[in-house]
Amino acid sequence: MEVESVGDVASLDPDLLQLPELSTVALKSNLYMVDELFSQFLSIPDTGRLVKSLLDDAKAGISLSVSGTSSSSNSSPTNSLPSIFPAGSVPPLSPRSTSGSPRAAKRHAAGLSNLGSPLKLVSEPVREFIPQFYFKNGRPPPSDLKEQCLFKVNELFCGHYDGLHVQEFKPLTREVCKLPSFFSSTIFKKIDVEGLGFITRDQFIDYWINSNMLTMDFPTQIFRVLKQPGQNFLTQEDFKPVLRELLATHPGLEFLQGTPEFQERYAETVIYRIFYYMNRSGNGHLTLRELKRGNLIAAMQHVDDEEDINKVLRYFSYEHFYVIYCKFWELDTDHDFLIDKENLVRYGNHALTYRIVDRIFSQVPRKFKSNVEGKMGYEDFVYFMLAEEDKSSQPSLEYWFKCIDLDSNGVLTANEMQFFYEEQLHRMECMAQEPVLFEDILCQMVDMICPENESCFTLKDLKRSKLSGNIFNILFNLNKFMAFETRDPFLIRQEREDPTLTEWDRYAHREYIRLSMEEDGEDASNGSAEVWDESLEAPF
């Protein structure tokens, strides 16, 4: 059998028969080149002899080698492929190495063969080292920080071979954990899971260092210390242990030691205030994200360093608690710790309208926790009072927005606002005050808020304006509405001089002075006439 030559053998480049490995995709996309190479291969005389030899072997029943070598003596013992070089002049093939061939290196650099072939070499993907950036239990502490912490731990545990008791644990909380001292008992109980009454050095290291608590930020540390196992949120109950320790150890609250009832009420009020401002979802589950967004951590650190509890205006001020509790006690005439509609109408010297009180007791802005039909409990009153006396805060705006939004469609229309203002208008007429028509009031409110759509107000519009609280006072609080119309320039300048104080801070300060003076007057009236006269000289 003879194979016809299809091309000029002299024009064949021998390197074309020894191409590097090509991908299947590259070969399929260049079928014309494959055909040309195969035609060149068939044109070589040795190819014809090889094919003829293989056919003869197949007819004779001789098995073919897998490598393609022929048993015929005409085939080369070292290389089964035909060669265009004369016999005995074939150079040995170089090892398949991309680094050993300058030609191959050039191909890798250029991405194409020397003949301008569009075939591209398939390169191995480069493996880059990416450091670990997520740690399920927190980032491990650096070695230097760990050594410093261990040195301090060894120093505080020195001489305590049996471990530390809860009374001796406070320095460890302040100096190693860097947390407020009134967290000592809570951290101690977290470590002493068996209730032995003491913890060893190794137990503390396992909890604080080996569990990577050392490298967490303050909010995460406090969140992990307070939350219950298996929970991803904080409840009101989780704050009670640290507040009990605060009441037992803070010098500014020492005078409450003999009145456990007021200690409990103080702790409850602090917790209610925390959840009012920070638990924006209102579900009673304080998340880590909410904890980080608020200012509770700074307040806790402040109260731990400040001996005067009343200087900590956020959450912990005793004067603020005193004002809230006394207001509630004044309205709760039968002292059953519940308030009904008629009681709440008397708030602020009958400042509120009946319509807004009805909306509050319909539990639209917030579901009551009293579990008594038609009654408001102490927690519900705390939420109401904070919303009423500080309408500049976002929780307050959300509270009153729900009250005015009668159809709960997310916008306050002119009809809804007029519904509440009608009672205000009637009250002004009864008090012989010059009435202000709603049309004029509406124009004034639009000028104050500058809403995106002048036909209605959205919650976003109210949160963007600093005068939003006045809108609600105009609609349902007659006393504050009249005070706004005849506001004192001196008070406005005073507010601008100290912008850090909120409306609630100023109100609580004024009310505490008034209540304390009333109490001093009552105490003096129970004494002799001389004591009465002396008590009146100073203030008046």
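As shown above, the structure is provided for reference.
Residues numbered from 1 in each chain as written. Predicted model: local features only at pLDDT ≥ 70, side-chain atom pairs only at ≥ 80, totals over all residues. Heavy atoms only, no water.

**Structural notes on the overall build of the protein**
Looking only at helices and strands, one finds 27 helices and four strands in the protein. Expressed as a percentage of its 540 residues, the buried residues of the protein come to 38%. Relative to all contacts within the protein whose residues are 6 or more apart in sequence, the contacts with residues 24 or more apart total 61%. On the protein, roughly 31800 Å² of surface is accessible, and the fraction owed to carbon and sulfur atoms is 54%. (Helix = DSSP H or I, 4+ residues; strand = E, 2+ residues; numbered from the N terminus. Buried < 20%, exposed > 50% of the residue type's maximum accessible area, 1.4 Å probe, protein only. Contact = heavy atoms within 4.5 Å. Areas by Shrake-Rupley, 256 points an atom, 1.4 Å probe, with all protein chains shown as cover.)

**Considerations on the packing of helix α11 (residues 260-278) against helix α18 (residues 378-389)**
Interhelical geometry of α11 versus α18 gives an angle of 55 degrees and a closest axis separation of 10 Å. For the element pair α11 / α18, the angle class is oblique. In the crossing of α11 with α18, the sense of the turn from one axis to the other is right-handed. Counted together, E268, T269, Y272, R273, F275, Y276 and Y277 of α11 and Y378, E379, V382, Y383, L386 and A387 of α18 form the full contact between these two elements. Broken down by class, the residue content of the contact of α11 with α18 amounts to nine nonpolar, one polar and three charged. (Axes fitted to C-alpha atoms, helices over the stretch in contact; angles between N-to-C directions. Parallel < 35°, antiparallel > 145°, perpendicular 65-115°, else oblique. Left-handed = near helix turned anticlockwise from the far one by under 90°. Nonpolar A, V, L, I, M, F, W, Y, C, P; charged D, E, K, R; others polar.)

**What about the pattern of salt bridges?**
For the structure on display, the rule yields 27 salt bridges. The salt bridge involving E389 is made with K480; its shortest N-O contact spans 3.0 Å. Of this pair, E389 sits in helix α18 while K480 sits in helix α24 (residues 478-485), and the two are 91 residues apart along the sequence. Taking the relative accessible area as the measure of exposure, E389 reaches 7% and is therefore buried. For E511, the salt bridge identified is with R514, shortest N-O distance 2.7 Å. Of this pair, E511 and R514 both sit in helix α26 (residues 503-525), three residues apart, roughly one helical turn. By relative accessible area, E511 is classed as buried at 12%. Each of the salt bridges in this network shares a partner with another, and the network as a whole consists of K327, E511, R514 and E518. (Salt bridge = Lys/Arg side-chain N within 4 Å of Asp/Glu carboxyl O.)

**Comments concerning empty space enclosed by the protein**
Under the counting rule described, the total for this entry stands at two cavities of 30 Å³ or more. Residue lining of the largest cavity: I360, P365, R366, F368, M376, D380, Y383, F384 and Y399, and that is the complete set. With three residues, α18 is the single largest residue contributor to the lining of the largest cavity. Space inside the second largest cavity adds up to approximately 30 Å³. Together, F182, F239, V242, L243, I274, M300 and F316 line the second largest cavity. Ranked by residues supplied to the lining of the second largest cavity, first place goes to helix α10 (residues 236-249) with three residues. Of the residues that constitute the lining of the second largest cavity, the class distribution is seven nonpolar, no polar and no charged. (1 Å grid on protein atoms, 1.4 Å probe; cavity = no way out; pocket = protein on both sides within 12 Å on 5 of 7 lines; lining within 4 Å. Points joined across faces, edges and corners; volume = space filled by probe spheres on them.)

**Focus on the packing of aromatic side chains**
Here the structure, examined in full by the defined rule, presents 36 aromatic pairs. Note on Y207 and W208: the rings are 6.4 Å apart at their centroids and 35 degrees apart in plane angle, and the pair reads as tilted. Just as Y207 is buried, W208 falls in that class too. A ring pair is formed by Y347 and F384, whose centres lie 5.2 Å apart and whose planes are at 75 degrees; its orientation type is edge-to-face. Taken together, the residues Y347 in helix α16 (residues 347-350) and F384 in helix α18 connect sequence positions 37 residues apart. F384 shares its class with Y347; the two are buried. The ring of F419 has R355 sitting right over it, with the charged end atom 4.3 Å from the ring centre. Of note, R366 hangs over the ring of Y383, and the distance from its end group to the ring centre comes to 3.7 Å. (Phe/Tyr/Trp six-rings, centres within 6.5 Å; stacked < 30°, edge-to-face > 60°. Lys NZ or Arg CZ within 6 Å of the ring centre and 35° of its normal.)

**Details of the nonpolar core**
In terms of nonpolar packing, the biggest core is built from 115 residues, with W208, F316, L344 and F384 touching the most fellow members. Residues within four places of L344 in sequence aside, it is in contact with L331, I339, V357, I360, F361, M376, F381 and F384. (Core = buried A, V, L, I, M, F, W, Y, C linked by side-chain atoms within 4.5 Å.)

**Here's the deal with the packing of helix α7 (residues 184-191) against helix α9 (residues 218-226)**
The geometry of α7 relative to α9 is characterised by a closest axis approach of 9 Å and an angle of 65 degrees between their N-to-C directions. Of the two possible hands of crossing, α7 and α9 adopt the one that is left-handed. Side by side, α7 and α9 meet where T186, I187 and K190 of the first sit next to R224, V225 and L226 of the second. In the contact of α7 with α9, the residues fall into three nonpolar, one polar and two charged.

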